[in-house]
Amino acid sequence: MARRAAGRFVGWFRPVRNTGSGTLQDQLYTAIRRAVLGGELAAGERLPSSRALASDLGLGRNTVVAAVERLTAEGYLTSRRGAGLFVAADLPVEDLRPPADSRPPILSRRSAAAPDLHAEREPALLRPFALGTASLDAFPLELWRRLAVQTLRRRPGDLLGYGDPRGLPALRQALATYLADSRGVVCSPETVMIVSGAQQALDLIARLLLDPGDVAAVEDPGYAGARDALASAGARLVPVAVDNQGFDPAILAGLSPAPKLAMLTPSHQFPLGMTLPASRRLALLAEARSRGIWIVEDDYDCEYRYGGPPLQALQGLDGGERVLYVGTFSKVLFPGLRLGYVVLPEPLVDGFLRLKTAADGFAPGWPQAILAEFIAQGYLAQHIRRMRVLYRRRRSALLTAIERHAGDLLVPRLSEAGLHLTVEFRDGRDDKKASRALQEAGLTVGPLSRYAVARGLSGLLLGFAAFPEAELEAAVQRLVSVLR
Ligand SMILES: Cc1ncc(COP(=O)(O)O)c(C=O)c1O
């Protein structure tokens, strides 16, 4: 059979060869392995001699011998002294082939319910008005690099091995001090957990506190990432419409049954920007205590307030009993750091750690060590002060440009905080359509309605922090020309 059969090998080899990846030996190995697994080379079938294969495929004999030896070593082929080379007789390749009535894979109910958030994520392109993006070129990269070298030199053993699921002790210590001083958060290093971004905190909290079918209250409009974390845990979401003061505890009080949990952004409502006043904070906490509701305070960009000092956290008012406080370094430093934190009521710590360990073990040590130094040496506070000045200027440039070029088209929601401005359309047009047209014109602008659950809203979210004033002015002009 040897000479004629080698022709089939040419047919198997050519497509692999055309991909051009790997050495010739790799390519031949792949082609033969594929033919064996696909059943084109039958179990026990004899192969042509390596000399015949080499000649038909135009390969060196050594190349063929090496590929065949590899296939033999892995058990796809067997060689019988004096008789030649054969496909192994005992390969259960049929078991690998899809059954005749091949159906799509069946997802668990929880994963089927999880929304397709990744499909909505903008590409990492930094175009005006990319949302929630800090000014990455104003980040003190040289200083970060120096701290990176120092920390690694000092404690390589601690940082290269497995870490503590709670987070690096030095970071939890530095963060506990920082949160208590700057935000009035009631915490100790034992109740501060380091996570891979606030998104992981929201996901773990949802799984920690909710069983499938449990009710969770969310802001409407509100952060899609929070809704998605809750929905993935099987929660039944109840939207609570925010008004000009934010989340309304009276609506929460009217919900029956009481939700097990409410997720909200009291410092700077996402996406509309208002701040929850003290009267509502107190009413909310009273409601949470009397009906046993857990409150998740997502304090995602609290550092950036332009009208006065940052507000104290809701968590501090509560003494850390019913409030789980979530924060992130994505806005204040850079999202690629992928570090966030959660301050937990003491009784929740163990359960949370079990889930964190099951999810990803622990957050990477080295970035945590650099960050711990960055905070402890006062650089975080300094960076925030500098960025506040820069962002205040950029925000006011954006407001001026909108007033100048788009006053008849857009109404800004007045908020004194954050890295984006939300504007509403005066004519209530279809904001998703407008956003698509703006994307095509090179502007990264999300529609406000994307964040609404049960409300008709029409507007745009304009991230300003990463763009110099002149760029913002030009981008507003481009935005207006597309919208008109
Ligand atoms: C309101 C809100 N919460 C949480 C997050 C999540 O931040 P992280 O990047 O840490 O997952 C974001 C990010 O855009 C946000 O806007």
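For every chain, the first residue of the written sequence is number 1, and numbering continues from 1 along that sequence. A pLDDT threshold of at least 70 governs which residues receive local features in this predicted model, and a stricter bar of 80 or more applies before side-chain atom pairs are shown or counted, although totals over entire chains, interfaces and linings include all residues. Remark: hydrogens and water are excluded; side-chain values derive from all non-hydrogen atoms of the structure.

Colleague: Give a detailed account of helix H15 (residues 349-360), specifying residues and quantitative values.
Modeller: Numbering of helices and strands runs from the N terminus; a helix is a DSSP stretch of H or I covering at least four residues, while a strand is a stretch of E covering at least two. What a helix is expected to span follows from its residue count: subtract one and scale by 1.5 Å. End to end, H15 covers 16 Å across twelve residues, agreeing with the expected 16 Å (1.5 Å per residue, within 8%). Burial classes follow relative accessibility: with a 1.4 Å probe on protein chains only, a residue under 20% of its type's maximum area counts as buried, one over 50% as exposed, and anything between as partly exposed. All buried positions along H15 are accounted for by Val349, Gly351, Phe352, Leu353 and Lys356. Buried residues belonging to H15 abut strand E3 (192-195), helix H10 (197-209) and strand E9 (340-343). Just downstream of H15 lies Gly361, where phi reads positive at about 80°. Pairs of residues are marked as contacts when any of their non-hydrogen atoms sit within 4.5 Å.

Colleague: Run through the packing of aromatic side chains, naming residues and quoting values.
Modeller: Ring pairs shown here join Phe, Tyr and Trp side chains whose ring centres sit within 6.5 Å, with only the six-membered ring taken for Trp; geometry is labelled stacked below 30 degrees between planes, edge-to-face above 60, and tilted in between. For the structure on display, the rule yields 13 aromatic pairs. Among the aromatic residues, those joined into a cluster by ring pairs are Phe139, Trp144, Phe334, Phe374 and Tyr379. A ring is considered to have a charge above it if a Lys NZ or an Arg CZ atom is located within 6 Å of its centre and within 35 degrees of its normal. Here the basic side chain of Arg322 rests over the ring of Trp294, its NZ or CZ set 3.9 Å away from the ring centre.

Colleague: Provide a residue-level description of the pattern of salt bridges, including the pertinent values.
Modeller: Any two side chains of opposite charge can pair, given that their charged atoms come close. What makes a salt bridge here is a side-chain nitrogen of Lys or Arg within 4 Å of a carboxyl oxygen of Asp or Glu, nothing more. Within the structure shown, the criterion is met by 18 salt bridges. The shortest N-O distance in the salt bridge between Glu373 and Arg154 comes to 3.5 Å. Of the two residues, Glu373 is situated in helix H16 (residues 365-376) and Arg154 in helix H7 (residues 141-154); the sequence distance between them amounts to 219 residues. Relative accessible area serves as the criterion here: at 19%, Glu373 is assigned to the buried category. Residue classification places Arg154 among the partly exposed positions, given a relative accessible area of 48%.

Colleague: Tell me about the domain arrangement of the protein, residues and numbers included.
Modeller: Boundaries of every domain are those given by an automatic assignment or by a domain database. By the assigned domains, the protein splits into domain 1 (2-96), domain 2 (139-381) and domain 3 (384-483). If you average the C-alpha positions of domain 2 and of domain 3, the two centres end up 26 Å apart. Tallying the contact residues gives 28 residues for domain 2 and 25 residues for domain 3. Contact with domain 3 buries area across many residues of domain 2, yet Leu272, Tyr304 and Tyr306 alone supply 32% of it, more than any other trio. Run the count over domain 2 and domain 3 and you get zero salt bridges. What qualifies as a polar contact is a pair of N or O atoms within 3.5 Å, subject to a donor-acceptor requirement within protein and to the restriction that residues adjacent in sequence count only when both atoms come from side chains. Across the domain 2-domain 3 interface, the total number found is 19 residue pairs in polar contact (both at pLDDT 80 or more). At the level of secondary structure, the elements contributing two or more residues to the side of domain 2 that touches domain 3 comprise helix H11 (224-232), strand E5 (236-241) and helix H17 (379-406). Under the grouping applied here, Gly and all other residues not named as nonpolar or charged are polar, the nonpolar ones being Ala, Val, Leu, Ile, Met, Phe, Trp, Tyr, Cys and Pro and the charged ones Asp, Glu, Lys and Arg. Each residue belonging to the side of domain 2 that touches domain 3 can be placed in one class, and the counts come to 17 nonpolar, five polar and six charged. Buried surface area refers to the total accessible area, computed with a probe of radius 1.4 Å, that the two partners give up upon joining, counted for both partners together.

Colleague: Residue-level account of the sheet that holds E9, with values.
Modeller: Pairing between sheet strands relies on hydrogen bonds along the backbone, with the strands arranged either parallel or antiparallel. When DSSP finds two or more bridges between two strands, those strands count as paired. Reading across from one edge, E3-E9-E8-E7-E6-E4-E5 is the order of the seven strands in this open sheet, with mixed pairing throughout. Whereas interior strands pair on both sides, the edge strands pair on one side only; in this sheet they are E3 and E5. The average undirected angle you get between the axes of adjacent strands in this sheet is 20°. Pairing of strand E6 (residues 261-264) with strand E7 (residues 294-298) involves four bridges; the strand directions are parallel. When the bridges of E7 are listed, Leu261 appears paired with Trp294. Each axis is a line fitted through C-alpha atoms, and for a helix only the stretch in contact is used; angles between axes span 0 to 180 degrees, taken between their N-to-C directions. Strands in contact with helix H9 (residues 169-183) are E3, strand E8 (323-328) and E9; relative to E3, the strand with the most contacts, it is inclined by about 115°.

Colleague: Tell me what's going on with the site of the ligand, and back it up with residues and numbers.
Modeller: The immediate surroundings of the ligand are formed by Gly197, Ala198, Gln199, Tyr223, Phe270, Asp298, Tyr300, Thr328, Ser330, Lys331 and Arg338. For the ligand, an oxygen atom lies 3.0 Å from a polar atom in the backbone of Gln199. Contact with the protein chains covers 91% of the free accessible surface of the ligand, which is 400 Å². Sort the elements by how many residues they give to the shell around the ligand and H10 lands first, with three residues. Whether a residue is near a molecule or strand depends on its heavy atoms: it is near if one of them lies within 4 Å of it. Surface accessibility in these figures is a Shrake-Rupley result with a 1.4 Å probe; residues are shielded only by whichever protein chains are displayed.

Colleague: Give me the lowdown on the sheet that holds strand E13 (residues 459-463), citing residues and values where you can.
Modeller: An order of E10-E11-E13-E12 is seen for the four strands of this open sheet, with the pairing classed as antiparallel. Edge positions in the sheet fall to strand E10 (410-412) and strand E12 (446-447), since each has one partner strand and no second. Sheet topology note: the strand E11 (residues 420-425)/E13 ladder contains five bridges and is antiparallel. From the neighbouring strand, His420 faces E13, where its bridge partner is Gly463. Each of E10, E11 and E13 is contacted by helix H19 (residues 469-483), which is oriented at about 160° to E13, the strand it contacts most.

Colleague: So what's going on with unusual backbone geometry? Which residues, and what values?
Modeller: The peptide bond linking Ser256 to Pro257 adopts the cis configuration, its omega dihedral lying at 5°. Along the polypeptide, Pro257 turns up in the loop between helix H12 (249-254) and E6. Residue Pro271 follows Phe270 across a cis peptide bond; omega there is 5°. Following the sequence through the fold, Pro271 ends up in the loop between E6 and helix H13 (278-291).

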